[in-house]
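Listed here are the chains, written in short residue letters.
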Amino acid sequence: QVQLVESGGGLVQPGDSLRLSCAASGRTSSSYAVGWFRQAPGKERGLVAAINWRGDSTYYADTVKGRFTISRDNAKNTVYLQMTSLKPEDMAVYYCAARESAALIIPLKAKYWGQGTQVTVSS
């Protein structure tokens, strides 16, 4: 069992940057691929970015390519999502999710989910 806790959300203005963190605890000795999902009001939850266990394979949704960067520090059991040039359409609840897999397989069928962190982009 793995527990995931997101942090770093908040209120920012368009064009600002924000870094989300996903801290894992529990059975962290296994290899996990991790993804960041987001869900805006009235919309389905969708995968934004994902990363494999080693951190050398990543995936980005077209809507965030070139603006978001996913990375991980396995020594700290933490995955990050660096978001730049934020737009109002990026506003959503962001969820961290993981599946027990060393490889990155898209779609990411995650077994473990965090509680989410709100990102609000507004002037």
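Because the structure is a prediction, the values reported are computed rather than measured.

### Brief notes about the pairing of strand 8 (residues 78-83)
- Buried residues dominate strand 8, accounting for five of its six residues.
- In this structure, strand 3 (residues 18-26) lies alongside strand 8, joined through six bridges in antiparallel fashion. By the bridge assignment for strand 8, Ala-23 is matched with Thr-78.
- As paired elements, strand 7 (residues 68-73) and strand 8 share six bridges and run antiparallel to each other. Looking across to strand 8, one finds that Arg-72 is bridged to Val-79.
- Hairpin connection of strand 7 to strand 8: four residues between the antiparallel strands, including Asn-77 at a positive phi of 55 degrees.

### Re the packing of aromatic side chains
- A complete count under the given rule lists two aromatic pairs for this structure.
- Considering the side-chain rings of Phe-37 and Trp-113, the 4.7 Å spacing of their centres and the 50 degrees angle between planes classify their relative orientation as tilted. Residue Phe-37 is found in strand 4 (residues 32-39), and its partner Trp-113 is found in strand 10 (residues 112-113); the two are separated by 76 residues along the sequence.
- The lysine or arginine in question, Arg-45, covers the ring of Tyr-95, its NZ or CZ lying 5.2 Å from the ring centre.
- Taking NZ or CZ as reference, Arg-45 lies 3.9 Å from the ring centre of Trp-113, over its face.

Conventions and cut-offs
- Residues numbered from 1 in each chain as written.
- Predicted model: local features only at pLDDT ≥ 70, side-chain atom pairs only at ≥ 80, totals over all residues.
- Heavy atoms only, no water.
- Buried < 20%, exposed > 50% of the residue type's maximum accessible area, 1.4 Å probe, protein only.
- Helix = DSSP H or I, 4+ residues; strand = E, 2+ residues; numbered from the N terminus.
- Pairing = 2+ DSSP bridges.
- Phe/Tyr/Trp six-rings, centres within 6.5 Å; stacked < 30°, edge-to-face > 60°.
- Lys NZ or Arg CZ within 6 Å of the ring centre and 35° of its normal.

Taken by themselves, the reported measurements are silent on function.
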